[in-house]
Each structure stands twice: as structure tokens, then as C-alpha cells.
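Analysis of the macromolecular model
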Amino acid sequence: YYSEVKFNNETLDSWQVYKTNNFYDVEGNYGPINCLISLREELYYIQERAFGQLLVNPITTISGDNGLPVTLGKGATVEKHRNLALDVGTKHQWSVYRSQNAITWIDIRSKKIYMFDGTIKSISDSLGQRNFVIKRLHPDLILNDNPILKKGIITTYDHYHNEFLYTFTNDSATADNDEAYTLVYSEPVGKFTGLYSFTPPVYLNNNRYLLSIDPAAAGSDIGKIWV
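Throughout what follows, the structure given in this document is the object of discussion. (Residues numbered from 1 in each chain as written. Predicted model: local features only at pLDDT ≥ 70, side-chain atom pairs only at ≥ 80, totals over all residues. Heavy atoms only, no water.)

Overview of the packing of aromatic side chains
Applicable threshold: Pairs were defined over the aromatic rings of Phe, Tyr and Trp, the Trp ring being its six-membered one, requiring ring centres within 6.5 Å. Orientation was assigned from the angle between planes: stacked under 30 degrees, edge-to-face over 60, tilted for the rest. Numbered from the N terminus, helices here are DSSP runs of H or I no shorter than four residues, and strands are runs of E no shorter than two. Note on classification: 1.4 Å probe, protein chains only; a residue is buried when its accessible area is under 20% of the maximum for its type, exposed when over 50%, partly exposed between these limits.
This structure, assessed with the given rule, holds 14 aromatic pairs. Here F51 and W105 contribute two aromatic rings whose centre-to-centre distance is 4.8 Å and whose plane-to-plane angle is 10°, an arrangement assigned as stacked. Pair noted here: F51 is in strand β3 (residues 50-56) and W105 is in strand β8 (residues 103-107), with a separation of 54 residues, a long-range link. Overall, the relative accessible area of 0% leaves F51 in the buried class. Relative to F116, the ring of F51 has its centre 5.0 Å away and its plane inclined at 50°; by these criteria the two rings are tilted.

Side note on the nonpolar core
A general feature of soluble globular proteins is that nonpolar side chains tend to end up buried together. For clarity, the cut-off: Buried Ala, Val, Leu, Ile, Met, Phe, Trp, Tyr and Cys residues that are joined via side-chain atoms within 4.5 Å together make up what is termed a nonpolar core. In what follows, residue pairs with any heavy atoms lying within 4.5 Å of each other are defined as contacts.
Core analysis: the largest hydrophobic core is formed by 18 residues, its most contacted members being I113, L137, Y166 and F168. The set of elements that each furnish at least two residues to this core consists of β9 (112-116), α2 (130-136), β11 (151-158), β12 (163-170) and β13 (179-186). Ranked by residues supplied to this core, first place goes to β12 with three residues. The residues contacting F168, other than those within four sequence positions of it, are I106, F132, R136, L137, L141, G152, I153, E179, A180, Y181 and L183. The next biggest cluster of nonpolar side chains, apart from the first, holds 13 residues, and it includes I37, I46, V96 and F116.

What about the pairing of β3?
The cut-off we apply is this: Strand pairing is defined by DSSP finding a minimum of two bridges between the two strands.
With six of seven residues buried, β3 is to be regarded as a mostly interior element. Summarising the sheet, strand β2 (residues 42-47) and β3 pair through four bridges and their orientation is antiparallel. Following the sheet pairing, L43 is matched in β3 by L54. Between the antiparallel neighbours β2 and β3 lie two residues. Bridge count for β3 against strand β6 (residues 78-86) is seven bridges, and the pairing is antiparallel. For A50, the partnering residue across the bridge sits in β6 and is L86.

A look at the pairing of strand β1 (residues 33-39)
Along any regular strand, the residues point their side chains to alternate faces of the sheet. Pairing between β1 and β2: six bridges, direction antiparallel. Bridge assignment links S38 to a residue of β2, and that residue is L43. Hairpin connection between β1 and β2: a loop of two residues separates the two successive antiparallel strands, and R40 in this loop has a positive phi of roughly 50°.

Description of the sheet that holds strand β10 (residues 120-122)
Reading across from one edge, β7-β8-β9-β10 is the order of the four strands in this open sheet, with antiparallel pairing throughout. Across the chains shown, the open sheet's two edge strands, defined by having one partner strand only, are β7 (97-98) and β10. Pairing analysis gives two bridges linking β7 to β8, with the strands arranged antiparallel. Counted as the bridge partner of Y97 is T104 from β8.

That is the geometry; function is a separate question.
Okay, structure coming up:
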């Protein structure tokens with residue numbers, strides 16, 4: 001669902017108005033839309049088994065018979081969509097994040113880390129982390145997607161170091177599966193560069209500072225916040 005279009009100096013807040021017919025559907029057989037994310041002023045959607053682009057107010061400029069530019073476009077909020085990949089997607093909404101140049105996410109079905117920078121590629125396969133990711137994405141993580149309860153996957157981007165951080169957390173009754181890791185991908189280098197020891201249940205990111213939270217232990221009311 002989408003709101004009305006907002007204009008400068010309007011007396012009402014159009015972003016709070018959602019009309020009944022202001023919605024747009026994609027193919028439901030590829031699963032629900034688990035994430036909407038923008039990159040370079042384009043809007044993308046990720047379903048469980050599809051990755052695509054929503055064309056919002058597409059405008060084309062052509063030259064008229066008199067040589068002057070003519071703008072074409074219906075002006076609807078969402079004109080149409082196009083699937084960029086099928087059988088590629090995510091069930092874990094918190095595993096999706098972006099930098100200025102790329103979107104990344106983790107696909108529990110194929111057990112791969114994907115990146116989109118104009119083309120879609122499995123960086124976990126091409127950069128030697130295939131076996132590591134397969135081992136981390138065990139059945140417990142297939143069923144859970146709540147990193148705050150330390151059962152899920154959370155991804156963020158460190159703008160200071162230009163790194164994607166992929167944090168896998170799983171507090172399980174099964175000792176073998178009680179594990180937590182943060183895998184690091186350096187965007188300037190274009191490679192995975194190692195593991196970090198911190199595995200917070202949530203990141204707070206304002207594109208300048210990256211904060212991580214260490215909740216209070218049982219029986220204590222004192223938690224920690226890290227920069």
C-alpha cells in the first residue's frame with residue numbers, strides 16, 4: 001500500500017492518507033514481500049523467491065516534432081514492476097541492507113549471500129565462503145527471524161570502514177547450534193576480510209555512527225551501548 005503524494009507547503013499531511021485502492025501487487029506465488037529498499041533513487045522489492053524493481057513514477061523525455069523536449073508518463077505512484085531474478089530472495093527481512101553502491105541480503109533457501117550492484121551475484125560462492133555460510137544457516141535459522149531474541153540474521157553497513165556486517169545469532173537448546181558470528185565484507189577490497197567478535201541483537205545506524213547494543217544480563221538492569 002502507498003500513500004498520497006506529498007507536496008511542499010500543503011495544509012494536510014498526504015503521507016498519512018492511504019486510500020483503499022492505493023495498492024500494488026506482485027506475483028504472490030513467489031512469497032510475500034519481505035523487504036522494500038531503495039538504491040540510487042530506484043525502489044526494489046525482495047520476496048522469498050524473487051528480486052525485482054518497482055517502477056515508481058517513471059518519466060521518459062523525447063524530442064517532439066518542434067525539437068522541444070516532451071515528457072511522457074502516466075503519473076501513477078507505481079506504474080509496473082519487473083522481476084530481475086527468480087528463485088533468489090530472502091525470508092529474513094533483517095538480513096537486507098545497502099550501501100551507496102549495492103544491496104545485500106542472505107537467502108536461507110539457497111544458503112547464499114547475494115549482492116546487487118546492477119547485477120545479482122552470489123558473493124559467498126564466488127569469494128570462498130560457501131561452506132561457512134552453509135554451516136551457519138542450519139535449520140534453526142530457517143524457522144526463526146528475530147535477532148532481538150538472538151534467533152536470526154541481521155545485516156548492517158559500517159560507513160566509517162566501508163564494510164558490510166552479517167551477524168548470525170542463534171541461542172538454541174541444542175548446544176551444537178548455540179552460536180553467534182559476525183562475518184565482514186569489505187566493499188573497497190571486494191572480499192570477505194574476517195570475523196568480528198561482537199554479535200549484537202540490533203544495530204542502530206544513522207549512516208554516520210554505527211551503534212550496537214548489549215542488553216542487560218539476567219538479574220541486572222544495566223546494559224551497554226557501543227560505538
